[in-house]
Amino acid sequence: MPGLALLALLLLQTIVRVFSISNGDSLNHQVITERAILNVTVQVCRAVALAEGKDFTFPPQPFTSTTVAAACEAPKSATSFRKAINHIQKENKRIDTRRLFSPPYHFDDERFAEGKKLIKDGLEAIKAANKRQDIFSARETLGGILHTLQDFYSHSNWVEMGNKLPNSNLIRAGKSIGKIADKTRITFKRIFYRIRYYLQGILHLFPPREPRGKCSHGNSFDKTRKTEPRGGINKDSFTSNHGHLHNEAARLAVAATSELLEDIRGAAGDRQFLQMMGINKESSKALCFVVDTTGSMGDDIAAVRAVTSSIIDRKVGTDDEPSSYILVPFSDPGFGPLMKTTDPKVFKNHIDSLAPSGGGDAAKLSLSGLQLALIGAPPNSEIFLFTDAPAKDAYLRNTVIALIERTKSVVNFMITNVLGFRRRRQADKYQQQQSRRMARSDTQLYRDLAQASGGQAIEVTKDQLLEATSIIQESSSSSLVTLLQVSRSPGKAENFPFTVDESVRNLTIYITGRSVNFTLIDPSGVPQSSTNTSGSSIITSQSVGNFQTLRLQTKAGVWEMRMVSTNPYSLKVVGESPIDFLFDFLKESQGPLGGFNLVDNRATAGGNGSLMVTLTGSDSATVTEVTLVESSGSGQVNGSVEAQGGGEFFVRFDRIPSAEFVILVKGQNNNSASIASSGIFQRQSTISLNASTLTVTAEDSDIILEPGTPRSVHFSVMTSGAGGTFTIQAANDQGFNLTFPSSVSLDTGGSANGTVNLTAPLNTPSGTGVTLTIEATAPGAADTNYAVLRLTVLPTVIDFTQPECQLLSLQSNCSDNCSQSMWELFVQVTDGAEGTGVNRISLREGNGILNTSMAAGSKNITLVSYTGSCCSPDVQLVVVDEVGNVGTCRFSVRTNVTLAQTTISPPDPTTTDVPSLSTRLVQSVLLCLGITVLGFRLSS
């Protein structure tokens, strides 16, 4: 035994020397997630191309969202792809900010069964959400379970046990993930007595003392690391006690993440998977209409039909073809349902089926319809709402603004005759005066929502509507960016400079407001006025109602718009460009890991704050200035910018404005060839943002809502300002029954708790997404903030069996000349006697002819035939059952060889061979002594 110990120590010294000189960038959760997404997306795009009979060229290494989108023949999707990755990464990081001390979320304290259940439930929810094309919910859930999955390889001893492949059974319901040490089992003894056959998790961060014979987490924040047994087994970084295994843990985490993504891909299908990732060969934008269908809207609906046909006919088959089409009707007393399709002909049929009826001149449920659209449309959508009446459900104002801020969607209001309807309903002079005041208030609600979203509130007569809706045809471009947007109420004379860079095309100015005069000065100093728009800078000018459009000759340099009006107006400057930015507010973490947490709702007003800005569309551009600019005033706060690499920039502000504000970003495009413009660009956030002295947080430990079972959601409200009685309002987009306290009482600078109870009806379809909004309003409505939760309705799943394939026959006449020969395959597919049944069978490899049919006399047997050329000798079938279990079957035929093979599941970890004695000794030394070398983090 002493000889073996000496051997182990000599091996240990060799390993230390090897790992101590290794270099490389940090592989944290965000890097692991992005690397796996890029790798799998490339493979999916390759499969789609080959299925279409096209060649596929892999992008250069290392992959980026821009190069992968280009390889997928979807270069305009680079920004939406980047947004999807960022969304998944953010939800991954939130597990550390919200669930830091919950062991199952990190595979700590040997809570493996609960950790696996989190992954299982999440996978079921993702598959159900994708089936209903709810990509927002799918991404949100995906990020959370990826954190838990990745932590398994850093926080368990899977790597120390000598495993070189991921533990596939972590993502397979009903499968054992291996022998797990009991809480009372001693897993740590002196080196010669160590037992290494059991999976164990590290003890979590802050217990008073680890149980006897258990390993700790380790690292400086773990107070138990200095007590026997010393050290810890986490592999979060190179400086961790087991940091020498950081690279191996990270490699397995990438592989496991890719494996989980492949499972989701199989259940969703290749095209739906790409849609979830924001990759579309057409425009990444949806075309979304919210339409009043009451009796007075006949002319308006006819205009919607006309503009829809025009858009579809002009954009089908082009790069700007919408990725999806969404329609939400509303009236009084109803609204919905939301109709969504990717087929333009089906959408035309939906529009043609709209029949105006009833309603009279009364207010309508316009905000209810808008709320449904904001939830059902993809993030960053552009929505058009058509109505001729005020909102009956104005109480949803703050809820709608919360959804606008969360989804970053733009809403344009096409308003016809709101004033006229109000006036006709009154008889005497007093009532007419009251009516005019109410009408101004009603219209102002739509203006406020438009400003909050970065949209327009266009007021026209019914016979002008078709002309006004020409804006829709221009704003459906996937590469549209905002250079400047301001609003003034009341109006005043003011000058607005803006910079146009060389990447901008189709430069356009939108002005809303009546009796608004302006002077436009181009970069060469040539002025043009509102009274004379003929000149070198303005190509066309079009006015209708309160709305004016100026299409400009694009010139790089600094422009200036001089506005003169005492009436309310808004000014918006847009163009097409690949260069844009994403942003997230951050707050300094008070936890032991330090760093910054993402802000889920509104930033804290008045105090300091931070922002993470991510540039998209250029690998050479940099950010030089970031400013918070008041939307309706001239106040602004400048930030200090620190480059983080990878197109990310960290920005600090000494104050967050209390008034509504936008984010203005300026930078340098280093690819610019123009000396005059010097490559300077500016971009602005489309939506206006609000800060708050309130903080609303909601417990979200379980995303599953079981039909018929009440669900309690606990929330808290905190204020950094004055106390009092704060109003609580809770709402959900599905109309499910819910109860909640109408108010909570807070002391100055204090907090209070409450509970929302929500129940989904028993007949709710599986996969239905539910958006729950909890809003707190300060006394006198002086301030408000909110929390938004996404839940998925999912009945208890009892089918965990993958569909199986049985080869019936494989025939071929393949010869040396493969183009002159064919092969044929017959397969029987089943989902087991207790299975939910086969939902879909598709080809992942092979470009022959696939046919399926139900077997006579059986409801759970599907017969599959495939015929193809011998030049395409490989076939892979993907079989998905009704609850998303995925089975794959591979068959192959080669020249002069007839071969059939099916995929074999990885071996059960419980039957894996035990490592040799010498290997176990080295592993024991590494585990027990705790090696410290150069450090990078795996766990964020």
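Please read all numbers here as calculations on a predicted model, not as lab measurements. (Residues numbered from 1 in each chain as written. Predicted model: local features only at pLDDT ≥ 70, side-chain atom pairs only at ≥ 80, totals over all residues. Heavy atoms only, no water.)

The next subject is the overall build of the protein. Counting its secondary structure elements, the protein contains 17 helices and 41 strands. Here the protein holds 940 residues, and the buried ones make up 55% of them. Partitioning the contacts of the protein with sequence separation of at least 6, the portion at a separation of at least 24 is 73%. Carbon together with sulfur atoms contributes 51% to the accessible area of the protein, which is approximately 37,900 Å² in total. (Helix = DSSP H or I, 4+ residues; strand = E, 2+ residues; numbered from the N terminus. Buried < 20%, exposed > 50% of the residue type's maximum accessible area, 1.4 Å probe, protein only. Contact = heavy atoms within 4.5 Å. Areas by Shrake-Rupley, 256 points an atom, 1.4 Å probe, with all protein chains shown as cover.)

This part is about the state of the cysteines. Counted under the stated rule, the structure contains four disulfides. Across the disulfide, Cys45 is cross-linked to Cys72 (sulfur-sulfur distance 2.0 Å). Residues Cys45 and Cys72 are joined through a disulfide that is right-handed, its torsion about the S-S bond being 100°. Here Cys72 lies in the loop between helix H3 (65-71) and helix H4 (78-98) and Cys45 lies in helix H2 (residues 29-51), a separation of 27 residues in the sequence. Given the relative accessible area of 5%, Cys45 is considered buried. The disulfide that involves Cys805 links it to Cys889, with 1.8 Å between the sulfurs. Here the disulfide of Cys805 and Cys889 is right-handed, its torsion about the S-S bond being about 80°. Here Cys805 is found in strand S34 (residues 804-812), whereas its partner Cys889 is found in strand S40 (residues 886-894), with 84 residues between them in sequence. According to the relative accessible area criterion, Cys805 is buried, its value standing at 19%. Sequence-ordered numbering of the bonded cysteines in the protein gives a pairing of 1-2, 3-8, 4-6, 5-7. (Disulfide = S-S within 2.5 Å.)

What follows deals with the confidence of the model for the protein. Regions with low pLDDT should not have their predicted coordinates read in detail. Per-residue confidence for the protein averages 80 on the pLDDT scale, and 81% of its residues sit at or above 70. Note on residues 188-197: pLDDT is under 50 here. Beyond four places in sequence and across chains, it has 33 contacts. Contacts of residues 421-439 to residues separated by more than four positions or lying in other chains number 17 contacts, the stretch itself having pLDDT below 50. (pLDDT = per-residue confidence, 0-100.)

Tracing the sequence through the fold places Arg844 in strand S36 (residues 838-845). Overall, Arg844 belongs to the buried group, its relative accessible area being 16%. In sequence terms Arg844 and Leu877 are 33 residues apart; their C-alpha atoms lie 6.0 Å from each other. For Arg844, the residues in contact, after removing those within four places along its chain, are Ala47, Glu262, Arg265, Gly266, Gln876 and Val878.

Charged atoms that come close allow side chains of opposite charge to pair. Throughout the structure, instances matching the rule amount to 34 salt bridges. In this structure, Glu262 and Arg844 form a salt bridge, with 3.5 Å as the shortest nitrogen-oxygen distance. Of this pair, Glu262 sits in helix H7 (residues 246-268) while Arg844 sits in strand S36, and the two are 582 residues apart along the sequence. A relative accessible area of 24% means that Glu262 is categorised as partly exposed. Lys348 is the partner of Asp313 in a salt bridge, and the nearest nitrogen-oxygen pair spans 3.1 Å. Of this pair, Asp313 sits in helix H9 (residues 298-315) while Lys348 sits in helix H10 (residues 344-352); the two residues are 35 residues apart in sequence, bridging distant segments of the chain. Residue classification places Lys348 among the partly exposed residues on the basis of a relative accessible area of 24%. Within this structure, Glu52, Lys54, Glu73 and Arg271 form a network of salt bridges that share partners. (Salt bridge = Lys/Arg side-chain N within 4 Å of Asp/Glu carboxyl O.)

Right, let's talk about the nonpolar core for a bit. Leu142, Leu260 and Met277 are the most contacted members of the largest nonpolar core, which totals 56 residues. Among the secondary structure elements, those contributing two or more residues to this core are H2, H3, H4, helix H5 (112-131), helix H6 (135-155), H7 and helix H8 (270-276). Ranked by residue count, the leading element in this core is H2, at ten residues. Once residues within four sequence positions are removed from consideration, Met277 is found in contact with Ile37, Thr41, Ser80, Phe81, Ala84, Ile88, Arg139, Leu142 and Leu261. If you look at the next biggest cluster of nonpolar residues, it comprises 55 residues, including Tyr446, Ala450, Ala603 and Phe649. (Core = buried A, V, L, I, M, F, W, Y, C linked by side-chain atoms within 4.5 Å.)

Let's shift gears to the sheet that holds strand S18 (residues 609-616). Taken in spatial order, the five strands of this open sheet run S17-S16-S18-S22-S21, and their pairing is antiparallel. Edge positions in the open sheet fall to strand S17 (596-598) and strand S21 (640-645), since each of these has one partner strand only. In this sheet, neighbouring strand axes are inclined to one another by 35° on average, regardless of whether the strands run parallel or antiparallel. Direction of pairing for strand S16 (residues 580-588) relative to S17: antiparallel, over a ladder of three bridges. When the bridges of S17 are listed, Leu586 appears paired with Leu598. (Pairing = 2+ DSSP bridges. Axes fitted to C-alpha atoms, helices over the stretch in contact; angles between N-to-C directions.)

Right, let's talk about the packing of aromatic side chains for a bit. Taken as a whole and assessed by the stated rule, the structure comprises 16 aromatic pairs. Ring plane angle 80° and centroid distance 5.3 Å describe the contact between Phe107 and Phe112, whose orientation is recorded as edge-to-face. Residue Phe112 is classed as buried on the basis of its relative accessible area of 0%. These aromatic residues form a ring-pair network of at least three members: Phe107, Phe112, Phe152, Tyr153 and Trp158. Across the ring face of Phe583, the terminal group of Lys408 is positioned such that the distance to the ring centre comes to 4.9 Å. (Phe/Tyr/Trp six-rings, centres within 6.5 Å; stacked < 30°, edge-to-face > 60°. Lys NZ or Arg CZ within 6 Å of the ring centre and 35° of its normal.)

With an omega of -10°, the peptide bond running from Gln61 to Pro62 counts as cis. Its location among the elements puts Pro62 in the loop between H2 and H3. Across the junction of Ser489 and Pro490, the peptide omega takes the value 0°, indicating a cis bond. Tracing the chain through its elements places Pro490 in the loop between strand S7 (480-488) and strand S8 (494-500). A positive phi angle, near 50°, is found at Asn506, a position not held by glycine.

Time to look at the environment of Val558. With respect to the element layout, Val558 can be found in strand S14 (residues 557-564). On the basis of relative accessible area, Val558 is assigned to the exposed category, the value being 51%. On a C-alpha basis, the gap between Val558 and Ile680 in space is 9.5 Å, while along the polypeptide they are 122 residues apart. In contact with Val558, not counting residues within four places along its chain, are Pro497, Phe498, Thr499, Asp522 and Pro523.

To continue, consider the sheet that holds strand S6 (residues 457-460). Across the sheet, which stays open at both edges, the six strands sit in the order S3-S2-S1-S4-S5-S6 with mixed pairing between neighbours. Edge strands, defined here as strands with exactly one partner in the open sheet, are strand S3 (339-341) and S6. Neighbour-to-neighbour, the strand axes of the sheet open up by a mean angle of 15°, direction not taken into account. With six bridges connecting them, strand S4 (residues 382-387) and strand S5 (residues 410-416) associate as parallel partners. By the bridge assignment for S5, Ile383 is matched with Val411. Contacting strand S1 (286-292), strand S2 (324-330) and S3, H10 crosses the sheet at an angle of about 10° to S2.

Moving on to the packing of helix H11 (residues 366-376) against helix H12 (residues 397-407). In contact at an axis separation of 10 Å, H11 and H12 are set at 20° when each is read in the N-to-C sense. Between H11 and H12, the angle falls in the class roughly parallel. Seen from above, H11 lies across H12 with left-handed handedness. Of the residues in H12, those touching H11 at Leu367, Leu370, Gln371, Leu374 and Ile375 are Arg397, Thr399, Val400, Leu403, Ile404 and Thr407. Of the residues in the contact of H11 with H12, the class split is seven nonpolar, three polar and one charged. (Parallel < 35°, antiparallel > 145°, perpendicular 65-115°, else oblique. Left-handed = near helix turned anticlockwise from the far one by under 90°. Nonpolar A, V, L, I, M, F, W, Y, C, P; charged D, E, K, R; others polar.)

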